[in-house]
Amino acid sequence: MMAIDVPVQRAQVENLYVEAMLLADEAHAAFAAQRDLGRTGGDAAAQIGLACESLKTTTRLMHVIAWLLHRRAMFAGDPGAGPHDSAARIGEAVAADWDICASFDGSVRRIISASERLFERIAMLEAGWEAPAVTPVQQLLARLEARL
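Quick summary incoming for the structure in this document. Since the model is a prediction, treat every value here as computed from it, not as a measurement. (Residues numbered from 1 in each chain as written. Predicted model: local features only at pLDDT ≥ 70, side-chain atom pairs only at ≥ 80, totals over all residues. Heavy atoms only, no water.)

When its secondary structure is counted, the protein shows five helices and zero strands. Reading the protein from its N terminus to its C terminus gives the helix and strand order α-α-α-α-α. Going through the 148 residues of the protein one by one, you find that 32% of them count as buried. When contacts within the protein are restricted to residue pairs at least 6 apart in sequence, long-range pairs at least 24 apart make up 75% of them. Carbon and sulfur atoms make up 61% of the accessible area of the protein, which amounts to about 9200 Å² in all. (Helix = DSSP H or I, 4+ residues; strand = E, 2+ residues; numbered from the N terminus. Buried < 20%, exposed > 50% of the residue type's maximum accessible area, 1.4 Å probe, protein only. Contact = heavy atoms within 4.5 Å. Areas by Shrake-Rupley, 256 points an atom, 1.4 Å probe, with all protein chains shown as cover.)

What follows is the structure, encoded as structure tokens:
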């Protein structure tokens, strides 16, 4: 397979990869701190809610990171990274349960929200890259056809 040479896409992927890795580190630290604080409170339901939302957030971020790594491999021409692989599609995110998240610390809620927004950004980016390019000539022809 030949390496994809689209400098703008490559730069976007690299920047998003850095952002995703930083957010993953923040998520790890924030959820670990909340788990440590939760043990002293003894509220089992809150601890389970925190564990579930931690898993959802981590999974969301890992899907983003896997997608970005796959794109990096495609840019590098890795024969094992094709556009039709399962890792080439971001898929659907599991949404956070904001009723449960309401009781979390503000920093944790910010990270959960940021992970959802990052996932949405990746999904929109993927959709935009997959959309067929419309040339100015095609646009003009479409306008003429609409008038006839």
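A few words on the nonpolar core. Core analysis: the largest hydrophobic core is formed by 29 residues, its most contacted members being Val-64, Trp-67, Leu-68, Ile-112, Leu-118 and Ile-122. With residues near it in sequence (within four places) discarded, Trp-67 still touches Ala-87, Ala-88, Arg-89, Ile-90, Ile-122, Leu-125, Glu-126 and Trp-129. (Core = buried A, V, L, I, M, F, W, Y, C linked by side-chain atoms within 4.5 Å.)

Right, let's get into the packing of helix H2 (residues 44-76) against helix H4 (residues 106-130). Where H2 meets H4, the closest approach of the two axes is 10 Å, and the angle between their N-to-C directions is 30°. Of the two possible hands of crossing, H2 and H4 adopt the one that is left-handed. In this structure, H2 uses Glu-53, Thr-57, Arg-60, Leu-61, His-63, Val-64, Trp-67, Leu-68 and Arg-71 to contact H4, whose residues at the interface are Ile-111, Ile-112, Ser-115, Glu-116, Leu-118, Phe-119, Ile-122, Leu-125, Glu-126, Trp-129 and Glu-130. The residue makeup of the contact of H2 with H4, split by class, is 11 nonpolar, three polar and six charged. (Axes fitted to C-alpha atoms, helices over the stretch in contact; angles between N-to-C directions. Left-handed = near helix turned anticlockwise from the far one by under 90°. Nonpolar A, V, L, I, M, F, W, Y, C, P; charged D, E, K, R; others polar.)

This paragraph deals with the pattern of salt bridges. Tallying each qualifying case throughout the model produces four salt bridges. In this structure, Glu-19 engages Arg-121 in a salt bridge whose closest nitrogen and oxygen atoms are separated by 2.7 Å. Of this pair, Glu-19 sits in helix H1 (residues 7-41) while Arg-121 sits in helix H4; the two residues are 102 residues apart in sequence, bridging distant segments of the chain. Judged by its relative accessible area of 37%, Arg-121 falls in the partly exposed class. (Salt bridge = Lys/Arg side-chain N within 4 Å of Asp/Glu carboxyl O.)

The tally for this structure, following the rule as stated, stands at zero aromatic pairs. Note that Arg-72 overlies the ring of Tyr-17, its terminal NZ or CZ placed 4.3 Å from the centroid. (Phe/Tyr/Trp six-rings, centres within 6.5 Å; stacked < 30°, edge-to-face > 60°. Lys NZ or Arg CZ within 6 Å of the ring centre and 35° of its normal.)

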